[in-house]
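# Overview (structure and organization)
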Amino acid sequence: MISTPLISPQRDRFDLPRDTCYLNAAYMGPMPKSAIAAGQDSYARKGQPWRYQVQADFFDAPEELRARAARLFGATANDIALVPAASYGLATAARNLAPDAKSEILVLAEQFPSNVYVWRDLAAEQGAHVRTVSRSDNQSWTEAMLAAISPATSIVACPQVHWADGGALDLAAISDAARRQGAALVLDLTQSLGVMPFDLAAIQPDFAVAASYKWLLGPYAMGFLYVAPHHQSGEPLEQNWIVRDRAEDFARLVDYADAHAPGARRFDMGERSNFQLVPAASASLSAMLDWGTDALAATLGQANRQLADRLAPLGLRGTTPNRAPHYLSLSLPDGAPADLTARLAAQDIYVSQRGDRMRITPHVYNDEADFQRFASVLETLL
């Protein structure tokens, strides 16, 4: 068996001071220097708007970003819409799905709010019901979801990785079970796309969305929506001009066109050419693609295994069944300070706390010096 080569620490590609130990990619990922430079240049150009070119800036740059995002999904550029947030993509999915009255929309317990509120509204409109799927301590999220899918299920709305405890879901198995019941599958991949393998052909979601500002190391207010081909003639949230046929001809924009640009482009957000964010997001995705999803998954998985072993003697243990390799969610020991994350931040060490768990999520900018310092300071605080 050929092992995946690991990625050496990439700290020099980020603006991270040596004394800063940032282990919080699941909260917000820092942009690489290349993306910062692209964003700064784009802001400078906005000071001289006469420099913008219609084809290059309004159309070619977003298409380059779309193509890069498509590679992460394993899709074609035609399948991807540019959106400002995961919530926008999920709202697009909801607009194009019509659950039967009295049917069930399945969500996970303590799922991220954006992937819950939208389904509550849709259920109220259609007379359906949102069913929250919980798991027992020794049960995986996959097992819990498979047990919940039934003939009453109309939509399964879930992530690939639970944002709080890091539990991974077998999306291929869930998709197979949902399809057998005629249910739609809508995914929030914000906590997994790019750093965990995603098999589009095996999973076949109806819609899948990911925000760029976490693991994809991109800017805020930028995201990517996969739309399955059989939904690509659906209804967008907006009726904006740039997604219409012949929008490239600025002299004839008032020759209103009923036809849309091909594929999922009709679902693009308004002002999708976003001259400040698109270049930065594109540079971030370029770095992610250069590293590769398999290599990132292997590298982060090894780092977290070693870190878990290092922290276990301090009473921090992982209890989540089927934890995603790039996620480390550890139960805090009895007597741990209630303000532990604040005390760590005071020493320039950054992690998150979700309930009684510490969420530790490194990325390629972290190195052995970070892990040693984190373990040493944590031992002192506990």
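The rules behind these values
Residues numbered from 1 in each chain as written. Predicted model: local features only at pLDDT ≥ 70, side-chain atom pairs only at ≥ 80, totals over all residues. Heavy atoms only, no water. Phe/Tyr/Trp six-rings, centres within 6.5 Å; stacked < 30°, edge-to-face > 60°. Helix = DSSP H or I, 4+ residues; strand = E, 2+ residues; numbered from the N terminus. Buried < 20%, exposed > 50% of the residue type's maximum accessible area, 1.4 Å probe, protein only. Contact = heavy atoms within 4.5 Å. Salt bridge = Lys/Arg side-chain N within 4 Å of Asp/Glu carboxyl O.

## A few points about the packing of aromatic side chains
For the coordinates displayed, the defined rule picks out 14 aromatic pairs. Note on F112 and W163: the rings are 4.9 Å apart at their centroids and 90° apart in plane angle, and the pair reads as edge-to-face. Within this pair, whereas F112 is found in the loop between β3 (104-108) and α4 (114-126), its partner W163 is found in the loop between β5 (153-159) and α6 (171-180), the two being separated by 51 residues in sequence. Judged by its relative accessible area of 30%, F112 is partly exposed. By relative accessible area, W163 is classed as partly exposed at 21%. Measuring from centroid to centroid gives 6.1 Å for W215 and Y327, while their planes differ by 40°, and the two rings are tilted. On the criterion of sequence distance, the pair formed by W215 in the loop between β7 (207-211) and β8 (223-227) and Y327 in the loop between α9 (293-311) and β9 (328-331) is long-range, its members being 112 residues apart. Through a chain of ring-to-ring contacts, the aromatic side chains of F14, Y22, W291, Y350 and Y365 assemble into a single cluster.

## As for the environment of L217
With respect to the helices and strands, the residue L217 is situated in the loop between β7 and β8. Residue class for L217 comes out buried when judged on its relative accessible area of 0%. Separated by 78 residues in the primary sequence, L217 and A295 place their C-alpha atoms 16 Å from one another. Look past the residues within four positions of L217 in its chain and what remains in contact with it is F14, G29, P30, M31, P32, S212, S284, M288, W291, H363 and Y365.

## Considering the pattern of salt bridges
Applying the stated rule across the entire model yields 17 salt bridges. The shortest N-O distance in the salt bridge between D268 and R66 comes to 2.8 Å. You can see D268 sitting in the loop between β8 and α8 (277-291) and its partner R66 sitting in helix α2 (residues 54-73), a full 202 residues away along the chain. Each member of the pair, D268 as well as R66, is classed as buried. In this structure, the salt-bridge partner of D255 is R252, at a minimum N-O distance of 2.8 Å. Its relative accessible area of 36% is what places D255 among the partly exposed residues.

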